[in-house]
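Structure assessment
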Amino acid sequence: DAGVTQSPTHLIKTRGQHVTLRCSPISGHKSVSWYQQVLGQGPQFIFQYYEKEERGRGNFPDRFSARQFPNYSSELNVNALLLGDSALYLCASSLVEGAYYGYTFGSGTRLTVV
Amino acid sequence: QQPVQSPQAVILREGEDAVINCSSSKALYSVHWYRQKHGEAPVFLMILLKGGEQKGHDKISASFNEKKQQSSLYLTASQLSYSGTYFCGTESWSGNTGKLIFGQGTTLQVKP
């Protein structure tokens, strides 16, 4: 079975631009969460979606938005990019809404803002 | 709010043991442990739930002290493959379940 897939793997954007990151969870997993990981730090929670509804939001500005589609895949959108948005963006899927069974992370999208 | 991990870094020889600690100031519902190798995704190791038992597989185990809001990860007879950065992730009662707050990580290097 395929794991969590994210695309693209790497991305270079200019300040002020917009970016869309995509995630496909493991088949059967209904929950998708997004995390931002800055080099040398632990992942930081951005959003959680379950059954296409937002279930949680971290301490990120409104420039960050996300959605989950009927097939449970998800998109993370970031508007008006800043240099500080440069990070590894991780998508994690789980079977249920809570993290009871643990998360399976994708390999991430490395975003560089110049 | 972010759990604190200690130590920040550990260097071991193959076969030696290590303990990584995770401490939170909030009442915890669960503690997760993940290992991340350089350039790769974090990999789930185990979850410890409030009221649950100590868990483990192979030579990696963990405990969860609910009263102290602390968890420890035990790596015994370490192998080269254990090298990486270990993160604890905590779920608290005050937030929505599924939202993990990760510690800053503990880098473990196992040498031959």
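A brief report on the enclosed structure follows. This is a predicted model, so every value here is computed, not measured. (Residues numbered from 1 in each chain as written. Chains lettered and ligands numbered in written order. Predicted model: local features only at pLDDT ≥ 70, side-chain atom pairs only at ≥ 80, totals over all residues. Heavy atoms only, no water.)

1. Side note on the packing of aromatic side chains
Worth spelling out the cut-off: Each Phe, Tyr or Trp ring, with Trp reduced to its six-membered ring, pairs with another whose centre is within 6.5 Å; inter-plane angles below 30 degrees give stacked pairs, above 60 give edge-to-face pairs, and intermediate values give tilted ones. Each helix is a run of DSSP H or I of at least 4 residues and each strand a run of E of at least 2, with the numbering of both proceeding from the N terminus. Exposure categories follow from relative accessible area, calculated using a 1.4 Å probe and restricted to protein chains: below 20% of the type maximum is buried, above 50% is exposed, and the middle band is partly exposed.
All chains considered together, the criterion is met by 12 aromatic pairs over all chains. The interplanar angle of 80° and the centroid separation of 5.6 Å between the aromatic rings of Y35(A) and F102(B) together place this pair among those described as edge-to-face. Residue Y35(A) is found in strand 4 (residues 31–37), and its partner F102(B) is found in strand 10 (residues 101–102); the two belong to separate chains. Y35(A) gets classed as buried once you look at its relative accessible area, which sits at 0%. According to the relative accessible area criterion, F102(B) is buried, its value standing at 3%. Aromatic rings pair up to connect Y35(A), F45(A), Y103(A), F105(A), Y34(B), F44(B), F87(B) and F102(B) into one cluster.

2. Brief notes about the side chain of R63(A)
Residue and element names in this part refer to chain A. The criterion, for reference: Polar contacts here mean pairs of N or O atoms no more than 3.5 Å apart (in protein, one a potential hydrogen donor and the other a potential acceptor; neighbouring residues in sequence count only if both atoms are side-chain atoms). In this description, contact between two residues means that some pair of their heavy atoms is separated by no more than 4.5 Å.
Mapped onto the elements of the fold, R63 is located in the loop between strand 6 (53–57) and strand 7 (64–68). Polar side-chain contacts of R63 include one of 3.2 Å to the backbone oxygen of A80. Once residues lying within four places of it in the same chain are set aside, the contact partners of R63 are N77, V78, N79, A80, L81, L82 and D85.

3. Concerning the sheet that holds strand 8 (residues 74–78) of chain A
Residues and elements named next belong to chain A. Quick note on the threshold: Any two strands between which DSSP finds at least two bridges are classified as paired. Working convention: axes come from line fits to C-alpha atoms, limited for helices to the stretch in contact. Angles between N-to-C directions cover 0 to 180 degrees.
Read across the open sheet, the 4 strands follow the order 1-3-8-7; overall the sheet is antiparallel. Strands with a single pairing partner mark the edges of an open sheet, and in this sheet they are strand 1 (5–7) and strand 7. Strand-to-strand twist in this sheet, taken as the mean axis angle between neighbours without regard to direction, amounts to 15°. Sheet topology places strand 1 next to strand 3 (residues 19–24); 3 bridges connect them, and they run antiparallel. Paired with Q6 across the two strands is C23, which belongs to strand 3.

4. A short note on the interface of chain B and chain A
Basically, it comes down to this: Buried area: the accessible area, evaluated with a 1.4 Å probe, that two parts lose upon being put together, summed over both parts. Counted as salt bridges are all cases of a side-chain nitrogen of Lys or Arg within 4 Å of a carboxyl oxygen of Asp or Glu. Gly is put with the polar residues, along with every residue not named as nonpolar or charged; the nonpolar set is Ala, Val, Leu, Ile, Met, Phe, Trp, Tyr, Cys and Pro, and the charged set is Asp, Glu, Lys and Arg.
With 18 residues of chain B at the interface, the matching set in chain A holds 23 residues. Buried surface at the junction of chain B and chain A, summed over both partners, amounts to about 1,500 Å²; 60% is from carbon and sulfur atoms. Remark: the boundary between chain B and chain A carries 0 salt bridges. Where chain B touches chain A, the interface holds 3 residue pairs in polar contact (both at pLDDT 80 or more). Elements with a minimum of two residues in the side of chain B that touches chain A: strand 4 (28–36), strand 5 (43–49) and strand 9 (84–92) of chain B. Taken together, the residues of the side of chain B that touches chain A sort by class into 9 nonpolar, 7 polar and 2 charged.

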